[in-house]
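Coordinate inspection notes
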Amino acid sequence: MSQTRILPYLGPAIVFYLVAWVVSLPGELDTIGHLTAVVALLVSLAGFLGSRRPDTKGAQRISLLSACAAAAIVESIRPTTLSFTLEAVHLAALGGFAGLVTDLTLSVPDRAWPAMHPNTARVVPYLISLILVAISLSVVAPLIKPFGDPWLIPTWMAQAPLAYALVALALALLIRLLRSRLGSGPEALAANSWAIMGLVPASFIAAVLLILKAVGLLDSTDALYRGALAVIAVCVVSGHLFMVDKRRRLSAGKAARNVVAATLTMALLALFVIAFRLHVPEQPWQLVLLLVATLLASTGVFFGFQPIVTRLLAPYAGRLLHAIDLAVEQLIESRSLDEIAKAVLVPMRRATGSLDAEPLLYGFDPEWEARVDVAGQPHLAPRSLSHTIARYLRDNPGEIVLRGSLEAMIVRRPPLRPLVDALVNLDALCVVPLATKEELEGALIIPRGIRMSALTLEEIAALARFSRFLATFVSVLSAEMRAQKRASDSDRIAIQAAEEARHSKHEIAKLQAGARVLKAGGSFELLKAPLIAYSSAMRAFIKCVDDAIQEPTPLLLLAESGTALHAVAYRMHERSGREGNAFVIGDCASVGESKSGLALFGEGDGTGDYPGWLTLAAGGSLFLLDLPALPREVQRSLAWALATRQAQRIDGNEAYPLDVKLIATTRVDPRNNEGFEFLEPELTKRFASQLLRVPPLRERQEDLPSLILMEIDRASRVLGRPVVGIEPQALAVLQKHHWPGNQEELRFVVQKAVENCQGERIQEADLAFVAPAAQAPKAMLSPSDFHLEGTLEVVERRIIEQALATAAGNKSEAARILGLKRTTFLDKLRRYSLD
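The following refers to the structure shown. (Residues numbered from 1 in each chain as written. Predicted model: local features only at pLDDT ≥ 70, side-chain atom pairs only at ≥ 80, totals over all residues. Heavy atoms only, no water.)

**Quick look at the overall build of the chain**
Counting its secondary structure elements, the chain contains 30 helices and 15 strands. Put simply, the chain has 835 residues, and 45% of those count as buried. Counting only contacts in the chain whose residues sit at least 6 apart along the sequence, the fraction spanning at least 24 positions is 71%. Accessible surface, the chain as shown: approximately 43,400 Å² in total, 60% of it carbon and sulfur. (Helix = DSSP H or I, 4+ residues; strand = E, 2+ residues; numbered from the N terminus. Buried < 20%, exposed > 50% of the residue type's maximum accessible area, 1.4 Å probe, protein only. Contact = heavy atoms within 4.5 Å. Areas by Shrake-Rupley, 256 points an atom, 1.4 Å probe, with all protein chains shown as cover.)

Written as structure tokens, this is what we have:
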């Protein structure tokens, strides 16, 4: 068995041997002797059992301390026995007792002076003990003389051993009381409290004994003296045993206050008995009554002393502990986050002792911050905790962040400086994490206020219990907030999805209608066709267009049938400031009279088959072809919409804002009688300030060669053949033509000539179908213009084909030439498969 394992057994074995030897000496033992022997054995066994925990710091030294304490009181078993051996054992035990007490004071539970080397802390007390033991032995040695009678020593020298023990106890008590100023941590201070509880009564009793012996009122053989020594041994050993027991550290503060309160209670009762010279009654019933009264009085006095003792001895006058108790009581009745914030933060502010201190409560998911104003009213805000503090809490789950401890470590661990700076900015005494099942729900910031002392282990333990209690409330409310947020997000997503679906439906309707509009209004090639303006008439017109487009009022283009207007309208759109938005072409003549209103204004909520040209062109431009083709009722509705800047769909309940640049065309002049017949006067008034006449093709002789070449190129691509040229004679024929059908007739004639061309250039013979210049077409066709032989169907078909050729394919113009309604003309086209 190694030396380390034998050492704990050695002390109790020596004490057992000494007790057995003293008890076996001749003579009868009195009651105090028996009790002292039992106490000596129990003290040595207690130290031995306490040393069985190898992980406990100082356990083996406490085992030796208990052995020395027990050996020191062995002499009190038979105080009348004069033995040099007993005296030597007594003095050696006292020396070891004093040295061990001093050693434990300097090194357990932590070093009193961190800068002191551990070996130095161990050697110093034993050197002092050896010197004092040597002095004591030199005093006692003359008591025994090898030959002759013993020598008697002066009385004052006989008090040296007790004085030596008292000095050691007083020194140990002083150092332990100053440990809070020597840098001890909360756990060390809590453990230190148990040692103080043992040293205070032991030092007090030793001082009383020393005084009583010095004045001659007490002798070492008196029962009171011998019992007091046993009590001193029990107090010191038990206090040190509890000190190294980690399980008892949390209860040290409360136990110390209860001991003080109980001591004061007994002292007060003793003074009362002495003052009134009370005696023990002889009658049994009187004794029972006295005991009951004493018990009740003691209980009342004890609970009366507890607040006073707590105020005096509890850490920081018990303010934080009281605040925690008050917060727990108020939390039980809290049902909302405001109530929780008020229940927790108001007591915490009072505990700081300063109204300027600001405790804070944080939640992490969702992130929120709660604080209270001076009046105690809570305020919530969507604000997050410092990122540095939050990261430390997540990296160290369940650990209370103590500002004092971190400031002490900052020199050795520089990475902690950002965390300390964050705590200083909040004036935080500590940060309490609020966690449930390893899930961090939030944090409680307790400010320092006017407090200068660090948190004790008792306060830290109370905060740990409180954090678990508070975390359940914060967790429940945070879960409710997350559920509400999810529900709100779900509602928002549902509303957003419904809105997107409605918008998508609307966009689909717009695209479908837009496709119909594009199909009816012409191809993109017409929009991007270059504007050829070599002629003075066309240049003057382009200048008027550029000037007029900047005005917000609608614009009306007066043009003959067949005039190409798409490129002009698109130029207006691009230069109107709306080029990034829609450009919609609406052919008024392509829809029936019954559907003209639907096509222009839309129907219902705008998501049906007819969203309306005005809706499709919102924010952009609407190009209305052949405005007189609209029915009078629709024209009046359009005039009202232009006047009020609002339009209303057919069968719709609400008007929608009108935000379009309206560009319309007409073949009839609104200023003469024909215009009054086809256009509503109120609508004409809206276009009065912006009426532009488009020059017909016959007034653009300088532009004809370029236009003819452009049409030859287009026709060649349409017919899928290489681009052909044109002979000067053929070009002269085209230049001499009157062109009543304008660009549409030019396109028709050039495409027919390209079809007839057999070579690489158009010859004059390819234009045989073109009427000579002297035979310019009439505005209307007469019966003499047609070949009337054949059946009725053949003649009617021939007349329709001739009208279409004369109008260069313009159905509306062909219907006007024949004097037919457009709908009637379209029916005949379908009948003869000419549509």
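Now that the structure is up, let's keep going.
**Observations regarding the pattern of salt bridges**
Within this structure, the stated rule accounts for 28 salt bridges. One salt bridge in this structure joins Asp427 and Arg403, with 3.6 Å as the shortest N-O distance. With Asp427 in the loop between helix H15 (417-425) and strand E5 (428-436) and Arg403 in helix H14 (residues 403-409), this residue pair connects regions lying 24 residues apart in the sequence. A salt bridge links Arg667 to Asp626, with the shortest nitrogen-to-oxygen separation between them at 3.0 Å. Of this pair, Arg667 sits in the loop between strand E12 (661-666) and helix H23 (673-678) while Asp626 sits in the loop between strand E9 (621-625) and helix H22 (632-644); the two residues are 41 residues apart in sequence, bridging distant segments of the chain. The exposure class assigned to Arg667 is partly exposed, which follows from its relative accessible area of 32%. Counted as one network, the salt bridges with shared partners bring together Glu358, Glu369, Arg371 and Arg383. (Salt bridge = Lys/Arg side-chain N within 4 Å of Asp/Glu carboxyl O.)

**Observations regarding unusual backbone geometry**
Each neighbour pair has its own omega, and for Val108 with Pro109 the value is 5°, a cis peptide bond. Following the sequence through the fold, Pro109 ends up in the loop between helix H4 (84-107) and helix H5 (118-140). That bond from Asp365 to Pro366 is cis: its omega, 5°, falls within 30 degrees of zero. Here Pro366 is to be found in the loop between strand E1 (360-364) and strand E2 (367-372). Positive phi is not limited to glycine here, since Arg645 has a value of about 60°. Among the secondary structure elements, Arg645 is positioned in the loop between H22 and strand E10 (646-648). A positive phi is found at Trp739, a non-glycine position, where the angle reads about 55°. Topologically, Trp739 is positioned in the loop between helix H26 (728-736) and helix H27 (742-756).

**Some details on H22**
Relative to the 18 Å expected for 13 residues at 1.5 Å per residue, H22 spans 19 Å between its end C-alpha atoms, a close match to the ideal helical length. By the burial criterion, the buried members of H22 are Val634, Gln635, Leu638, Ala639, Ala641 and Leu642. The buried residues of H22 occupy one face: seen down the axis, they fall within an arc of 160°. Following H22 by one or two positions, Arg645 has its phi on the positive side, about 60°. (Expected span 1.5 Å × (residues − 1). Arc of directions from axis to C-beta.)

**A look at the sheet that holds strand E8 (residues 583-587)**
Whenever strands of a sheet pair, they do so through backbone hydrogen bonds, lying parallel or antiparallel. The strand order E8-E9-E12-E7-E13 describes an open sheet built from five strands, whose pairing is parallel. Both edges of this open sheet fall to E8 and strand E13 (691-693), since each of them pairs with a single strand only. Averaged over all pairs of adjacent strands, the angle between strand axes in this sheet comes to 20°, irrespective of strand direction. The pairing of strand E7 (residues 555-558) with E13 spans three bridges and is parallel. Across the sheet, residue Leu557 finds its bridge partner in E13, namely Leu692. (Pairing = 2+ DSSP bridges. Axes fitted to C-alpha atoms, helices over the stretch in contact; angles between N-to-C directions.)

**Quick look at the side chain of Ser576**
Tracing the backbone through its elements, the reader meets Ser576 in the loop between helix H19 (566-574) and E8. A distance of 2.8 Å separates the side chain of Ser576 from the backbone oxygen of His573, its partner in a polar contact. Within the structure, the side chain of Ser576 is placed 3.5 Å from the backbone nitrogen of Arg578, a separation counted as a polar contact. (Polar contact = N/O pair within 3.5 Å; in protein donor to acceptor, adjacent residues only side chain to side chain.)

**Considerations on the nonpolar core**
Counting residues in each nonpolar core, the largest one holds 58 residues, and the members touching the most others are Phe97, Val101, Leu169, Ile232, Val236 and Met243. Mapped onto this core, the elements with two or more residues apiece are helix H1 (3-23), helix H2 (31-50), helix H3 (59-72), H4, helix H6 (160-177), helix H7 (186-214), helix H8 (223-244) and helix H9 (252-276). The residues contacting Val236, other than those within four sequence positions of it, are Leu65, Phe97, Val101, Leu169, Gly198, Leu199 and Ala202. (Core = buried A, V, L, I, M, F, W, Y, C linked by side-chain atoms within 4.5 Å.)

**Comments concerning the sheet that holds E1**
Across the sheet, six strands lie side by side as E3-E2-E1-E6-E5-E4; this open sheet has antiparallel pairing. In this open sheet, the two strands that pair with only one neighbour each are strand E3 (378-381) and strand E4 (401-402). Sheet topology note: the E4/E5 ladder contains two bridges and is antiparallel. From the neighbouring strand, Val401 faces E5, where its bridge partner is Val431.

**Overview of the packing of aromatic side chains**
According to the stated counting rule, one finds five aromatic pairs in the structure shown. Ring geometry for Phe302 against Phe303: centres 5.6 Å apart, planes inclined by 75°, an arrangement best described as edge-to-face. Considering the side-chain rings of Tyr570 and Phe583, the 5.1 Å spacing of their centres and the 80° angle between planes classify their relative orientation as edge-to-face. With Tyr570 in helix H19 and Phe583 in strand E8, the pair connects residues that are 13 residues apart, well separated along the chain. You'll find Tyr570 and Phe583 in the same group, each marked buried. These aromatic residues form a ring-pair network of at least three members: Tyr570, Phe583 and Phe623. Above the plane of the ring of Tyr316 lies Arg319, whose end atom (NZ or CZ) is 4.8 Å from the centre. (Phe/Tyr/Trp six-rings, centres within 6.5 Å; stacked < 30°, edge-to-face > 60°. Lys NZ or Arg CZ within 6 Å of the ring centre and 35° of its normal.)

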